[in-house]
Every structure is written in C-alpha cells, then in structure tokens.
Amino acid sequence: MNKIICFFKKYWITILIIGTCVALYGYATYNAMLDTFVFSTLNDIGKSFVKFKTTMIANMFASFALLFPSLLLGVFIALVLGIAMGLNKRLREILQPIIYAVSVIPAILLSPIALHVAPSFRSASIFLIVYNTVWPTLFATITGIMTVDKRYLDNAATLELTGIKKMTKVVLPAAMPSILSGFITSLRSSFMVLVFAEMYGTEFGMGYFIKKYSLFGIYPNVWSGFVFMVIILVIVVQVFERIQHRLLKWTID
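Residues numbered from 1 in each chain as written. Predicted model: local features only at pLDDT ≥ 70, side-chain atom pairs only at ≥ 80, totals over all residues. Heavy atoms only, no water.

Draft legend 1. The arrangement of the packing of helix α2 (residues 42-87) against helix α8 (residues 206-216) in detail. Where α2 contacts α8, the two axes come as close as 7 Å, and the packing angle between them is 130 degrees. With respect to α8, the axis of α2 lies oblique. The residues of α8 that touch α2, namely those facing Phe 52, Thr 55, Met 56, Asn 59, Met 60 and Ser 63, are Met 206, Phe 209 and Tyr 213. For the contact of α2 with α8, a count of residues per class yields six nonpolar, three polar and no charged. (Axes fitted to C-alpha atoms, helices over the stretch in contact; angles between N-to-C directions. Helix = DSSP H or I, 4+ residues; strand = E, 2+ residues; numbered from the N terminus. Parallel < 35°, antiparallel > 145°, perpendicular 65-115°, else oblique. Contact = heavy atoms within 4.5 Å. Nonpolar A, V, L, I, M, F, W, Y, C, P; charged D, E, K, R; others polar.)

Draft legend 2. Spatial organisation of a positive patch on the surface. A contiguous patch of positive charge on the surface is contributed by Lys 3, Lys 10, Arg 242 and Arg 246. Mapped onto the positive patch, the elements with two or more residues apiece are α1 (2-30) and α9 (219-247). Residue placement: Arg 246 occurs in helix α9. The class of Arg 246 is exposed, set by a relative accessible area of 66%. (Patch = residues over 30% accessible without salt bridge, like charges linked within 9 Å, V, L, I, M, F, W, Y side chains within 5 Å. Areas by Shrake-Rupley, 256 points an atom, 1.4 Å probe, with all protein chains shown as cover. Salt bridge = Lys/Arg side-chain N within 4 Å of Asp/Glu carboxyl O. Lys, Arg positive; Asp, Glu negative; His and termini not counted. Charge placed at Lys NZ, Arg CZ, Asp CG, Glu CD. Buried < 20%, exposed > 50% of the residue type's maximum accessible area, 1.4 Å probe, protein only.)

Draft legend 3. Structural context of unusual backbone geometry. Notably, Ala 32 is not glycine yet its phi reads approximately 55 degrees, a positive angle. The topology assignment puts Ala 32 in the loop between α1 and α2.

Draft legend 4. Spotlight on the nonpolar core. In this structure, Leu 138, Phe 191, Met 206 and Ile 232 are the most contacted members of the largest nonpolar core, which totals 41 residues. Those elements giving two or more residues to this core turn out to be α2, α4 (107-117), α5 (121-146), α7 (163-201), α8 and α9. Those residues in contact with Phe 191 that sit more than four places away from it in its chain are Phe 64, Leu 67, Met 206, Leu 233 and Val 236. Ranked by size, the runner-up nonpolar core spans eight residues in total, among them Ile 145, Met 167, Leu 172 and Ala 175. (Core = buried A, V, L, I, M, F, W, Y, C linked by side-chain atoms within 4.5 Å.)

Draft legend 5. Structural detail: a nonpolar patch on the surface. Taken together, the side chains of Phe 226, Val 227, Val 230, Ile 231, Val 234, Ile 235, Val 239, Ile 243 and Leu 247 define a hydrophobic patch exposed on the protein surface, amounting to about 710 Å² of accessible area. Relative to the helices and strands, Val 239 resides in helix α9.

Draft legend 6. The arrangement of the packing of aromatic side chains in detail. Summed over the entire model, instances satisfying the criterion amount to 15 aromatic pairs. Measuring from ring centre to ring centre gives 5.9 Å for Phe 52 and Phe 209, while their planes differ by 70 degrees; the resulting arrangement is edge-to-face. Here Phe 52, found in helix α2, pairs with Phe 209, found in helix α8; they are 157 residues apart in sequence, far enough to count as distant. Phe 209 carries the same exposure label as Phe 52, and that label is buried. When the centroid spacing of 6.5 Å and the interplanar angle of 75 degrees are considered together, the rings of Tyr 213 and Phe 216 count as edge-to-face. Within this pair, Tyr 213 and its partner Phe 216 are both found in helix α8, separated by three residues, close to a single helical turn. On the accessibility criterion, Phe 216 (57% relative accessible area) is exposed. (Phe/Tyr/Trp six-rings, centres within 6.5 Å; stacked < 30°, edge-to-face > 60°.)

Right, dumping it as structure tokens:
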C-alpha cells in the first residue's frame, strides 16, 4: 500500500496529464470531431486490445528476440571502440572524423541497401538496429572516459593500479554515468528502428502488427497495437533506468 501511495504522489501530475489527453481524445472521437475512419473511439480500441492481447504479447516476444541480441551487439561494439578511443588520443583523432561522418546517416536511409545486400530480412533488421544503437553509447563512452577526474587517475597511480585493474576499478566506474546515459538513449532509439524493420522485414513483431492492420484499414487494431507498444517501451525503459539508478546509487540523484 505504501508503494502505491508513493507512486501516486510521485506521478500524479503525469497521470493527470495522460488522463486529460485520453479524455479529450475520447470526447473528440465520440462527437465525430475527428476523422472516424482513422481515429477510432476508445470503446473500439478497448475491444481490439482485449481481442488481440494474446497476439500482441506473442509479437512482443518476437520483437524482443530481435531487439535484445541486436542491442547487446551494438553496445559491445560501442564499448570496445569507445574505450579504445577514449584512452588513446591518436586513435581518437584518426577515427572521430570518420565516425562523425557515418553516424549522421539515418538507419532508415540505409534500409534499402541493407535489405538488398543482407542474406535475409532478419539479418538486415539486426544490422539496422545495431547501426542505430552504436552511436549514442559510443559517443557517451568516449566522453565519459575523456572526462574522468584526474584525481581518480592520480589516486590509481598512488595505489599502483595499472592495466585491467585500473580500467575496471577506476576508469569504467567513473565513466559509467555517461555510458549508461548513452545506453538508455540507444535503447529508446532502437525501438524506432525495430518498428521500422518489422514493418518491412519480418512477419512477426509489434511493428508488423501495426503495419498489417494499417494496410487493411482496420484502425482500431492499429491504435491498440500502438498503445500496447508504447506501454511496453515505457516499461522496458523504466526497468533499465531503475537498473541505472541502482548501479549509480553513489552519484547525486
């Protein structure tokens, strides 16, 4: 009970804003103030949500099977390259112009090439998600390592910490706030690319569900799929942000 009370105390304004938006949407659709073909009523969306909840949950797991391996691969690449560039000024000077030039290309623009060159739609989707995931974590890792307080490094030298011990005990913990912030950004943006990839490259997933029924013009299903996806995104991001807060409990909130 105390947790529920704390939750409402913390988020009551957020809940009020969301409730107001939902009420306004419901009023507008009920009174046909919006295009009734595209903007379904809350009643129709609710019925669709109940009818297809099992299907949407199955599509959610299909999306996760594509998202999380791609996300882990992207983060691994970003950490390896980011740590190397953060520690080595010469390597950073060589690679930064190239990385800046490549990173400004949106993943969506690369999709025709990926779909044509990749051996399967799944591998093309993985490439697009990895490509989109790498950059925020990479830049955050470089910045985090470059901005490590020199006092930490002096203390490490005093304690004669070198190599792996210095990296794991001093450098990475000090850079962790920046790295985790970049990872959360990567997570949010990866959902966008995931949905795009599923719309054109898979036969399962949350994006596929929305695309399928939009082609058929069954917009209650489109809206219920959209609402379900937003709920899942919020839950996933909240889980990772809680993990972030737990890992960084020593920092200022």
